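Here is what each chain is made of, one letter per residue.
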Amino acid sequence: MAHDAGYAPDTLVTAATSETRLSRVVLTIVALGFVALFLLLPLATVFIEAFRKGAAEFFTALGDPETFAAIRLTLLVAGIAVPLNLVFGVAAAWAIAKFEFKGKAFLTTLIDLPFSVSPVISGLVFVLLFSSHSLLGPILQSYGIQILFAVPGLVLATVFVTFPFVARELIPLMQEQGTADEEAALSLGATGWQTFWHVTLPNIKWGLLYGVLLCNARAMGEFGAVSVVSGHIRGQTNTMPLQVEILYNEYNFVAAFAVAALLALLALVTLVLKTALELRYSDEIAASRRH
Amino acid sequence: MISMAARSSTRWRFRQPSVIPGFGLALGVTLAWLTIIVLIPLSGLLWRSSGLGWSKFVELALDERTVNALTISFGTAFIAAVVNLVFGVLLAWVLVRYRFPGKRVIDAMVDLPFALPTAVAGIALTTLYAPNGWIGSLLAPLGIKIAFTPAGIVVALIFVGLPFVVRTVQPIMEEIDKEVEEAAATLGATRFQTISRVLLPGLLPAGLTGFALAFARGVGEYGSVIFIAGNLPYVSEIAPLLIVIRLEEFNYPAATAIAAVMLLLSFMMLLVINVIQAWSRRRYGYGA
Amino acid sequence: MEVRVQNIRKEFGRFPALEDVSLDIRSGELIALLGPSGSGKTTLLRLVAGLESPTEGTIFFGDEDASKKTVQERNIGFVFQHYALFRHMTVLDNVAFGLKVRPAKRRPAAADIRRRALDLLELVQLSGLEKRYPAQLSGGQRQRVALARAMAVEPNVLLLDEPFGALDAQVRKELRRWLREIHDRTGHTTIFVTHDQEEALELADRVVVMSKGAIEQVGTPDEIYDHPVSPFVYGFIGQSNCLDVTLANGEIWHEDRPIGLRAGNEPDGAAALYFRPHDVELIDGCGGCLAGLVTASRRVAGTRHLELDLGRTHPPVEIELPPERAASTDHTRIAFRPTRWKLFRKGGRKEAPPIEAEAPVLAATGT
């Protein structure tokens, strides 16, 4: 199973910088076994359970109006949250990567903050902010604005948890690229916007796409945060992951796994695109291995 | 030149001069968005918990069920992070050093937990490790129960945390200078000695960082855990779930208190990571 | 310890890196492997170390066949180009590593290991830095730690791969002299690889000149410089000029006239004449000589370098003269004759060309 990592097959040399063939095989099998047990089997289970009763059941489950509403809601929430964080990410990266200013390191830490907060807490903060016991909630309610248990709440929670993705990808990339290109464009008479559109953006487009991809995957798959703010109103505030939970808890396993399979498919597409970007544009993606 | 440098070093300056435009706009958008989305909500949480008053806060935080939930969250996250440290380093090693068919696919699959929604992972793991599942049914005759016990929580957290260790260690491993291994061999070290005394200690900072990231993620994890945990109070009820339960009871003070404690502990972990990195960079000239 | 390399051949895939190389190294010798990149010098060093295995051939350490042993068993000291220090260990732990990893039977007591490491650090003039980490040292200091670490195991042979390659010129020169001192004091058989001829000639007892996977010449620095045995060595070591000449009746002709040098009993035919820029004399009135137009003149320290155009077909010839002899030679025509030179016959590429005996002093020809 394991092959030599490209050395001449001379036994003495192998002993100097590589393990014996036997240990290589054993280590590979153990590592792959671990991957199979914890990553591959769960993934396979999703699809197997979804089609357990055949393709017809699968599609019937997806055709359910509530499930359909969940899919639409997920697309809507991601469709709002991702562009917002895209704009923010580019702005943050521009400020942090192209300029030197006091407090830059602190700002970078703040941007990473949502990653170190439990999703449930991410939802909780909005509940505390907008619930009827809070300062803001009653005021907004008097104007007929409903945040919690409605789309705005879902969007806010999603924006919070996906906040760092684009910025995090772009900052190291743009720092690496420096400011020479922009200075050249400006010296040739380009305006700031022209410089951004024609010089900076082409340089960062693959990195940007990479960040958007990860941001979108998380936005569509987020569970904990949206679960707290959603209120679980069927057909209205249930996103796909929440719909999975409801169906599963009702022992409607085929339907639960059918929706799960759609989400798993999204994850696989994300992984494929992500890997393709890493392979083809590795120079134009900065923290390709970090998250 | 000289007078400029002298001036900038003596006079406090918010930002270094630059010909690049758009600083005000970019920083403005960044700060506004950051304030609205992150800072106000988070400070709302802190404000609420400080509003509880110290004695009330302590009382809520030391509630038996709360302490149990926190212990379970941190304990299972710790165990899962240890498992991930061991197998993550091994997996990274195999991916960096060995060739085998399908290696690229496996490498890509390591990121699956980042991409797969946690709820999906949760129901899939539960189905697998339940007593009638593929793996659970193999273990059941041995008297081993995974799903609906704390062991199930560990399994879910292993799934969630694995990429953190692999992806922190892998790039450092790729940069290992072959000369260093050869140097150890010329000095008479066996392969085992080279790995255990030279290579692994060199990976320690990266490993610890990956461990801390996996641990922090595990502590806060919710979606993948609640399905498999069984959620028995005092036994397999995690802290994030208890927050949700308190919220559903409209017991906001309790939810706030638990969240504050978790945040505090998470930030301490973040601090530890940064200290490790800074220490390592200062001492060894490399971080993770 | 004496090291003998016998008929070593090494291929990487299909690419031959070394072809039938044999070399005897005496105990206590300091040997330089010198050659351009790709000449196989590093491969030879790594074969001696056991970091590579030969495709064919054997390597003896003393009377023992070392090629049967792994790198760990050979007990060599290897200093890597980029030092390869263990970054997470202190200087002291780096030096002590080779002793600490020995099996319990052969491992000295901890106190002895420590003492030995400290002694070595004193030898390489790093006392007081034992608690530092490699990242806290300068390049030169790291190099010295690497050397101390390699010497700690009392190696059969000390192998250094471009030991000064990563250092700047100033430090290089210092370390070079210092390495020679260390060698003279410790007496380890030492082989080092370099592409810097100055380094090889200044430092080594004997120099092995390599090219294209084969040894061109082995000799003392004087032999290598004064008596190069092949056009490659002549061209690679020091400055030299090469002229296409023809032999006729024992006389050497350049283009259409004899240049006043005799070639003994050589058969007639084409040959290449090699001589060094400083091995020439100017002559007045040319009966048999080389003559050319001065196209450039540069004063370099104590000598003047002249570039001469000998005719359209040749790259310019460079000669060096004492400045007073060449004071007013700009754009004038001067006549000269090599005082030391060497002929290489042109023929089949591979077969060794018959080599014309060298004329150490002026080969006199009347005018």
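Residues numbered from 1 in each chain as written. Chains lettered and ligands numbered in written order. Predicted model: local features only at pLDDT ≥ 70, side-chain atom pairs only at ≥ 80, totals over all residues. Heavy atoms only, no water.

**Looking at the overall build of chain B**
- Assigned secondary structure in chain B consists of 14 helices and 0 strands.
- Written out in order from the N terminus, the α and β elements of chain B read α-α-α-α-α-α-α-α-α-α-α-α-α-α.
- In terms of overall size, chain B is more extended than a compact globule, its C-alpha atoms giving a radius of gyration of 24 Å where 288 residues would be expected to give roughly 19 Å.
- Considering only C-alpha atoms, chain B reaches an extent of 75 × 60 × 35 Å along its principal axes.
- For chain B, with 288 residues in total, the buried portion stands at 59%. (Helix = DSSP H or I, 4+ residues; strand = E, 2+ residues; numbered from the N terminus. Rg over C-alpha atoms; globule rule 2.2 N^0.38 Å. Buried < 20%, exposed > 50% of the residue type's maximum accessible area, 1.4 Å probe, protein only.)

**Side note on the interface of chain C and chain B**
- On the side of chain B, 22 residues touch chain C, which itself brings 26 residues to the contact.
- Together chain C and chain B conceal approximately 2100 Å² of surface at their shared face, both sides included; 61% is due to carbon and sulfur atoms.
- Joining chain C to chain B, the criterion identifies 1 salt bridge.
- With its nearest N and O atoms 2.6 Å apart, the salt bridge here joins Arg46(C) to Glu182(B).
- Only helix H2 (71–74), helix H3 (91–100) and helix H5 (139–151) of chain C provide two or more residues apiece to the side of chain C that touches chain B.
- Examining the composition of the side of chain C that touches chain B, we find that 3 residues originate from one element, H3(C), more than from any other.
- Classifying every residue of the side of chain C that touches chain B by side-chain character gives 16 nonpolar, 6 polar and 4 charged. (Contact = heavy atoms within 4.5 Å. Buried area = accessible area lost by both parts, 1.4 Å probe. Salt bridge = Lys/Arg side-chain N within 4 Å of Asp/Glu carboxyl O. Nonpolar A, V, L, I, M, F, W, Y, C, P; charged D, E, K, R; others polar.)

**Regarding the state of the cysteines**
Residues and elements named next belong to chain C.
- All told, the structure shown has 0 disulfides over all chains when counted by the stated rule.
- No disulfide involves Cys242; its sulfur sits 19 Å from the nearest other cysteine sulfur, which is in Cys289.
- On the basis of relative accessible area, Cys242 is assigned to the partly exposed category, the value being 35%. (Disulfide = S-S within 2.5 Å.)

**Examining the interface of chain B and chain A**
- Taken together, the contact pairs 97 residues of chain B with 97 residues of chain A.
- Surface buried jointly by chain B and chain A totals about 8700 Å² across both partners, of which 79% is contributed by carbon and sulfur atoms.
- Interface area lost by chain B to chain A is led by Ile20(B), Trp33(B) and Tyr98(B), which between them contribute 8%.
- Applying the counting rule to chain B against chain A returns 2 salt bridges.
- The salt bridge involving Glu19(A) is made with Arg191(B); its shortest N-O contact spans 2.7 Å.
- Counting across the chain B and chain A interface gives 11 residue pairs in polar contact (both at pLDDT 80 or more).
- For the side of chain B that touches chain A, the element with the highest residue contribution is helix H2 (residues 23–51) of chain B, accounting for 17 residues.
- Class assignment for the residues of the side of chain B that touches chain A results in 70 nonpolar, 13 polar and 14 charged. (Polar contact = N/O pair within 3.5 Å; in protein donor to acceptor, adjacent residues only side chain to side chain.)

**Let's talk about the packing of aromatic side chains**
- In the structure shown here, the tally under the stated rule is 38 aromatic pairs over all chains.
- Taking 4.8 Å as the distance between ring centres and 40 degrees as the angle between the ring planes, the aromatic pair formed by Phe34(A) and Phe38(A) counts as tilted. Of this pair, Phe34(A) and Phe38(A) both sit in helix H2 (residues 21–50), 4 residues apart, which is roughly one turn of that helix. For the pair shown, Phe34(A) and Phe38(A) are each scored as buried.
- Through a chain of ring-to-ring contacts, the aromatic side chains of Phe223(A), Tyr248(A), Tyr251(A), Phe253(A), Phe257(A), Tyr222(B) and Phe227(B) assemble into a single cluster.
- Stacked on the ring of Phe86(C), the Lys or Arg Arg149(C) has its end atom at 4.5 Å from the ring centre. (Phe/Tyr/Trp six-rings, centres within 6.5 Å; stacked < 30°, edge-to-face > 60°. Lys NZ or Arg CZ within 6 Å of the ring centre and 35° of its normal.)

**Some details on the pairing of strand S14 (residues 269–275) of chain C**
Residues and elements named next belong to chain C.
- The buried count for S14 comes to 5 of 7 residues, which makes it a mostly enclosed element.
- Note that strand S11 (residues 241–248) and S14 share 7 bridges and pair antiparallel. Residue pairing across strands places Cys242 opposite Tyr274, the latter belonging to S14.
- In the sheet, S14 pairs with strand S20 (residues 342–345) via 4 bridges, with the strands oriented antiparallel. In the sheet register, Leu273 faces S20, and the bridge partner there is Leu343. (Pairing = 2+ DSSP bridges.)

**Some points on the UniProt feature "transmembrane region" (unreviewed entry) in chain B**
All names here are of chain B.
- In the numbering used here, UniProt assigns the feature "transmembrane region" (unreviewed entry) to residues 20–47, 67–96, 108–130, 142–166, 198–216 and 257–279.
- Within residues 20–47, the helical portion is 89% and the strand portion 0%, while the C-alpha atoms at the span's ends are 39 Å from each other.
- Taken end to end, residues 67–96 is 100% helix and 0% strand, and its first and last C-alpha atoms sit 42 Å apart. (UniProt positions renumbered as here; feature names shortened; annotations may be inferred.)

**Remarks on the sheet that holds strand S8 (residues 190–194) of chain C**
Residues and elements named next belong to chain C.
- Pairing is mixed in the open sheet, where 6 strands are placed in the order S6-S7-S8-S3-S9-S10. This sheet does not close on itself; its edge strands, each paired only once, are strand S6 (77–79) and strand S10 (214–219). Put simply, the sheet's adjacent strands are angled 15 degrees from each other on average, direction ignored.
- Across 4 bridges, strand S3 (residues 30–34) lies against strand S9 (residues 206–211) in parallel orientation. Each bridged residue has a counterpart across the sheet, and for Leu34 the counterpart in S9 is Val209.
- Packed onto the sheet, H5 meets S6 and strand S7 (158–161) and runs at close to 165 degrees relative to S6. (Axes fitted to C-alpha atoms, helices over the stretch in contact; angles between N-to-C directions.)

**Brief notes about empty space enclosed by the protein**
- In this structure the tally under the stated criterion is 5 cavities of 30 Å³ or more.
- In this model, the largest cavity occupies a volume close to 50 Å³.
- Considering the residues around the largest cavity, the lining is formed by Pro119(A), Arg218(A), Glu222(A), Phe223(A), Gly224(A), Thr118(B), Arg217(B), Glu221(B), Tyr222(B) and Gly223(B).
- Within the lining of the largest cavity, the residues separate by chemical class into 3 nonpolar, 3 polar and 4 charged. (1 Å grid on protein atoms, 1.4 Å probe; cavity = no way out; pocket = protein on both sides within 12 Å on 5 of 7 lines; lining within 4 Å. Points joined across faces, edges and corners; volume = space filled by probe spheres on them.)

**What to know about the sheet that holds strand S13 (residues 257–262) of chain C**
All names here are of chain C.
- What the 5 strands build is an open sheet, ordered S13-S12-S11-S14-S20; its pairing is antiparallel. Here the strands that pair on one side only, and so sit at the sheet edges, are S13 and S20. Here the strands of the sheet are splayed against their neighbours by 40 degrees on average, with no regard to which way each runs.
- Summarising the sheet, strand S12 (residues 251–254) and S13 pair through 3 bridges and their orientation is antiparallel. When the sheet's bridge partners are listed, Trp253 is paired in S13 with Pro258.

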